[in-house]
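Residue strings, one per chain:
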Amino acid sequence: EAVKAWKHDVKVGDIFRSSWGYEQTNIDYYEVTKLIGAHYAEIREICQERTQTESMQGDCVPVPGKYVTEPDYTAEKVNGAYPRKEIEPRRVRIQGSGTSEPHFKVASYASAYRIKPVAEIAGVKCFAASHWTAYA
């Protein structure tokens, strides 16, 4: 019953982090752009600032408001490259319980959990860094 009674407190602008991978750690960040009813939200993948700290590993933080893009293969190339377009928003079901941060399923192998800023400086939210690895 506690699960049924649980209501999320997610707001537009909240940031979610997903960590996944096999023999490496991939980090993805998502921003809530719209709330839909009591249980759903529209999210968009956002960019991250990455710093390499050692060979094939480093730290990253989310960049709210800067959305991930992809090549637009339906358009003509400009200077030898396709123009870029933002990746479409996704609709997700917010899940959780009274003891966990709200989260949603990204894929069968990963979920994204809300992260909160550690500070806000001059109106800019600052988040703790996450560690990534990438092995070839």
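(A) Just the pairing of strand E9 (residues 110-115), in detail. Residues of E9 alternate between two faces, with Ala110, Ala112 and Arg114 buried on one and Ser111, Tyr113 and Ile115 left unburied on the opposite face. Relative to E9, strand E8 (residues 103-107) runs antiparallel, the two sharing 4 bridges. Among the inter-strand pairings, His103 is bridged to a residue of E9, identified as Tyr113. Between E8 and E9, which pair antiparallel and follow one another directly, the connecting turn spans 2 residues.

(B) A look at the pattern of salt bridges. On inspection of all chains with the given rule, the structure shows 6 salt bridges. With a closest N to O distance of 3.9 Å, Lys11 and Asp14 form a salt bridge. The buried category is assigned to Asp14, whose relative accessible area is 10%. Glu86 is paired through a salt bridge with Arg44; the nearest N and O atoms lie 2.3 Å apart. Remark: Arg44 occurs in strand E3 (residues 40-54) and Glu86 occurs in strand E6 (residues 84-86); sequence separation between them is 42 residues. Residue classification places Glu86 among the partly exposed residues on the basis of a relative accessible area of 39%.

(C) Summary view of the nonpolar core. Within the largest apolar cluster, 13 residues are counted, with the highest numbers of intra-cluster contacts made by Phe16, Tyr30, Ile94 and Phe104. Elements with a minimum of two residues in this core: strand E2 (26-36), E3, E8 and E9. If near-sequence neighbours (up to four positions away) are discounted, Phe104 is found in contact with Phe16, Tyr30, Ile43, Val92, Arg93, Ile94, Ser111 and Ala112. Grouped together as the second largest cluster of nonpolar side chains are 8 residues, Ile15, Tyr29, Ile46 and Tyr67 included.

(D) Representation of the packing of aromatic side chains within the structure. All told, the structure shown has 4 aromatic pairs when counted by the stated rule. Note on Phe16 and Phe104: the rings are 5.0 Å apart at their centroids and 45° apart in plane angle, and the pair reads as tilted. Of this pair, Phe16 sits in strand E1 (residues 15-20) while Phe104 sits in strand E8; the two residues are 88 residues apart in sequence, bridging distant segments of the chain. The residues Phe16 and Phe104 share a single accessibility class, namely buried. Seen from their ring centres, Tyr30 and Phe104 are 5.8 Å apart, and the 75° between their planes marks the pair as edge-to-face. Here Phe104 lies in strand E8 and Tyr30 lies in strand E2, a separation of 74 residues in the sequence.

(E) Fine view of the side chain of His8. Mapped onto the elements of the fold, His8 is located in the loop between helix H1 (2-5) and E1. Polar contacts involving the side chain of His8 include one to the main-chain amide nitrogen of Val10, which spans 3.1 Å. A polar contact of 3.1 Å, which involves the side chain of His8, links it to the backbone oxygen of Ala38. The residues contacting His8, other than those within four sequence positions of it, are Leu35, Ala38, His39 and Ile94.

(F) Structural detail: the pairing of E3. The pairing of E2 with E3 spans 7 bridges and is classified as antiparallel. The residue of E3 that forms the bridge with Tyr30 is Glu45. Turn length for the E2-E3 hairpin, with the two strands adjacent in sequence and antiparallel, is 3 residues, and the turn residue Gly37 shows positive phi of about 65°. Pairing of E3 with strand E4 (residues 57-67), which is carried by 7 bridges, proceeds in the antiparallel orientation. Bridging from a neighbouring strand, Thr51 pairs with Asp59 of E4. The antiparallel hairpin formed by E3 and E4 contains 2 residues in its connecting segment, where Met56 sits at a positive phi of about 60°.

What counts as what
- Residues numbered from 1 in each chain as written.
- Predicted model: local features only at pLDDT ≥ 70, side-chain atom pairs only at ≥ 80, totals over all residues.
- Heavy atoms only, no water.
- Buried < 20%, exposed > 50% of the residue type's maximum accessible area, 1.4 Å probe, protein only.
- Helix = DSSP H or I, 4+ residues; strand = E, 2+ residues; numbered from the N terminus.
- Pairing = 2+ DSSP bridges.
- Salt bridge = Lys/Arg side-chain N within 4 Å of Asp/Glu carboxyl O.
- Core = buried A, V, L, I, M, F, W, Y, C linked by side-chain atoms within 4.5 Å.
- Contact = heavy atoms within 4.5 Å.
- Phe/Tyr/Trp six-rings, centres within 6.5 Å; stacked < 30°, edge-to-face > 60°.
- Polar contact = N/O pair within 3.5 Å; in protein donor to acceptor, adjacent residues only side chain to side chain.

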